[in-house]
Amino acid sequence: MTVVRCASCEGYGWFEDGIGGEVEDCDWCRGLGYVYREASRGDRPIPAADFSKLSGELERLEAERMQELGYQGKARKPWQQAIRKNTSLGKDPYASDPED
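So, how was this worked out
- Residues numbered from 1 in each chain as written.
- Predicted model: local features only at pLDDT ≥ 70, side-chain atom pairs only at ≥ 80, totals over all residues.
- Heavy atoms only, no water.
- Helix = DSSP H or I, 4+ residues; strand = E, 2+ residues; numbered from the N terminus.
- Rg over C-alpha atoms; globule rule 2.2 N^0.38 Å.
- Buried < 20%, exposed > 50% of the residue type's maximum accessible area, 1.4 Å probe, protein only.
- Contact = heavy atoms within 4.5 Å.
- Areas by Shrake-Rupley, 256 points an atom, 1.4 Å probe, with all protein chains shown as cover.
- Lys, Arg positive; Asp, Glu negative; His and termini not counted.
- Charge placed at Lys NZ, Arg CZ, Asp CG, Glu CD.
- Patch = residues over 30% accessible without salt bridge, like charges linked within 9 Å, V, L, I, M, F, W, Y side chains within 5 Å.
- Salt bridge = Lys/Arg side-chain N within 4 Å of Asp/Glu carboxyl O.
- Pairing = 2+ DSSP bridges.
- Axes fitted to C-alpha atoms, helices over the stretch in contact; angles between N-to-C directions.

**Examining the overall build of the protein**
In step 1: The helix and strand inventory of the protein stands at one helix and five strands.
In step 2: Starting at the N terminus and walking to the C terminus, you meet the elements of the protein as β-β-β-β-β-α.
In step 3: Over its C-alpha trace the protein gives a radius of gyration of 20 Å, far above what one expects of a compact globule, namely 13 Å for 100 residues.
In step 4: Overall size of the protein, expressed as C-alpha extent along the three principal axes, is 70 × 35 × 25 Å.
In step 5: Burial status across the protein gives 22% buried among its 100 residues.
In step 6: Counting contacts in the protein only where the partners sit at least 6 residues apart, residues at least 24 apart contribute 36% of the total.
In step 7: When the accessible surface of the protein is summed, it comes to about 7700 Å², and 49% of that surface belongs to carbon and sulfur atoms.
In step 8: Put simply, the protein has 14 plus and 19 minus side-chain charges, and the middle of one group is 6 Å from the middle of the other.

**Some words on unusual backbone geometry**
In step 1: Positive phi is not limited to glycine here, since Glu 10 has a value of about 60°.
In step 2: Locating Glu 10 in the fold gives a position in the loop between strand S1 (2-5) and strand S2 (14-16).
In step 3: Backbone geometry places Arg 30, a non-glycine residue, at a positive phi of 60°.

**Points about a negative patch on the surface**
In step 1: On the surface, Glu 16, Asp 17, Glu 22, Glu 24, Asp 25 and Asp 27 cluster together into a negatively charged patch.
In step 2: Tracing the sequence through the fold places Glu 24 in strand S3 (residues 23-25).
In step 3: Assessed through its relative accessible area of 54%, Glu 24 is described here as exposed.

**Section: the pairing of strand S5 (residues 42-45)**
In step 1: In the sheet, strand S4 (residues 34-38) pairs with S5 via four bridges, with the strands oriented antiparallel. Pairing of Glu 38 across the sheet is with Gly 42, part of S5.
In step 2: Where S4 folds back onto S5 in an antiparallel hairpin, the turn is made up of three residues.

**What to know about the sheet that holds S5**
In step 1: Spatially, three strands are ordered S1-S4-S5 in an open sheet, and the strand pairing comes out antiparallel. Each of the sheet's edge strands pairs with one partner strand only, and the pair in question is S1 and S5. Taking the axes of each pair of neighbouring strands and ignoring which way they run, one obtains an average angle of 45° across the sheet.
In step 2: Across four bridges, the pairing between S1 and S4 is antiparallel. The residue of S4 that forms the bridge with Arg 5 is Tyr 34.

**Some details on the pattern of salt bridges**
In step 1: A complete count under the given rule lists seven salt bridges for this structure.
In step 2: We note a salt bridge from Arg 41 to Glu 38, for which the minimum N-O separation is 3.9 Å.
In step 3: Residue class for Glu 38 comes out buried when judged on its relative accessible area of 17%.
In step 4: With a shortest N-O distance of 3.6 Å, Glu 64 and Arg 60 are connected by a salt bridge. Placement of the pair is Glu 64 and Arg 60 together in helix H1 (residues 51-68), with a separation of four residues, close to one helical turn.
In step 5: A relative accessible area of 37% places Glu 64 in the partly exposed class.
In step 6: Linked by salt bridges that have partners in common, Glu 38, Arg 41 and Arg 44 make up one network.

In short, the description is geometric, and any link to function would need to be established separately.
Given below as structure tokens:
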């Protein structure tokens, strides 16, 4: 028995309703994003009782999924983020102000 990404929600664990924007947990994985895969039975949800023994594997799989989405694994401070340049959050509060 192996742990794999849920084929229904692709690891997100939820779906967004295209009409009203409602969010619902995936019925297939019960909101976890991952399922057990067995050759004889197919995919099935992972019981909550198994979460602690699978925590390391689930963390590894989630890190792998996030890297596929472009996440680098490094947090950046707001003033280091290109999208925040020229905004109030884009200024380093620890840098000396040239107007001082």
